[in-house]
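# Understanding the architecture of this molecule
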Amino acid sequence: MTIRRLAPEERLSGASICGNLVYLAGQVADDATLDAEGQTADILQQIDALLAEAGTSKSNILSVQIFLTDINDITAMNRAWDAWLDRGNKPARATVEAKLANPDWKVEITGVAFIP
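Quick caveat, the model's predicted, so the values are computed rather than measured. (Residues numbered from 1 in each chain as written. Predicted model: local features only at pLDDT ≥ 70, side-chain atom pairs only at ≥ 80, totals over all residues. Heavy atoms only, no water.)

## Section: the pairing of strand E3 (residues 21-27)
Pairing between strand E2 (residues 13-18) and E3: 4 bridges, direction antiparallel. Bridging from a neighbouring strand, Ala15 pairs with Leu24 of E3. In the sheet, E3 pairs with strand E6 (residues 107-114) via 5 bridges, with the strands oriented antiparallel. Bridged to Val22 within E6 is Ala113. (Pairing = 2+ DSSP bridges. Helix = DSSP H or I, 4+ residues; strand = E, 2+ residues; numbered from the N terminus.)

So, in structure tokens, the structure goes:
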């Protein structure tokens, strides 16, 4: 079995594929000046692009972990999440408050998806 890596950067790949699973790196907003809802929408677009490159989609996400620098941003984050979510194929999800590497980031999302 081989490993395929997508969107390699200096220290990580945006996603790694092994077998029929896609492992997403922690995705953060390209525009850190956005509020939590805007950052979430930005991240979800990035996730859509990575999943498409991997040959799958949000409908096949198995689990997601969402990190918020301020748990009080959960309502704003959920607005973007709810607008994006495939309601017929909701993944398992955990949302926690955490200090992120860049103080301007409000949201970071990682997860695992299946390639049918």
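What follows continues from the structure just given.
## As for the side chain of Ser13
With respect to the element layout, Ser13 can be found in strand E2. The class for Ser13 is buried, based on a relative accessible area of 16%. Excluding residues that lie within four positions of it along the chain, Ser13 makes contacts with Arg5, Leu6, Ala7, Pro8 and Ala25. (Buried < 20%, exposed > 50% of the residue type's maximum accessible area, 1.4 Å probe, protein only. Contact = heavy atoms within 4.5 Å.)

## Observations regarding the pairing of E2
With 5 of 6 residues buried, E2 is to be regarded as a mostly interior element. As judged from the 5 bridges shared by strand E1 (residues 3-8) and E2, these two strands associate in the antiparallel manner. Bridged to Pro8 within E2 is Ser13. Count of turn residues in the E2/E3 antiparallel hairpin: 2 residues, of which Gly19 carries a positive phi of about 65°.

## Things to note about the pattern of salt bridges
In total, this model carries 3 salt bridges according to the counting rule given. For the salt bridge of Glu37 with Arg79, the shortest nitrogen-to-oxygen distance reads 2.9 Å. Remark: Arg79 occurs in helix H2 (residues 74-84) and Glu37 occurs in helix H1 (residues 36-54); sequence separation between them is 42 residues. On the accessibility criterion, Arg79 (44% relative accessible area) is partly exposed. The salt bridge involving Arg87 is made with Asp82; its shortest N-O contact spans 3.9 Å. What makes Asp82 partly exposed here is its relative accessible area of 36%. (Salt bridge = Lys/Arg side-chain N within 4 Å of Asp/Glu carboxyl O.)

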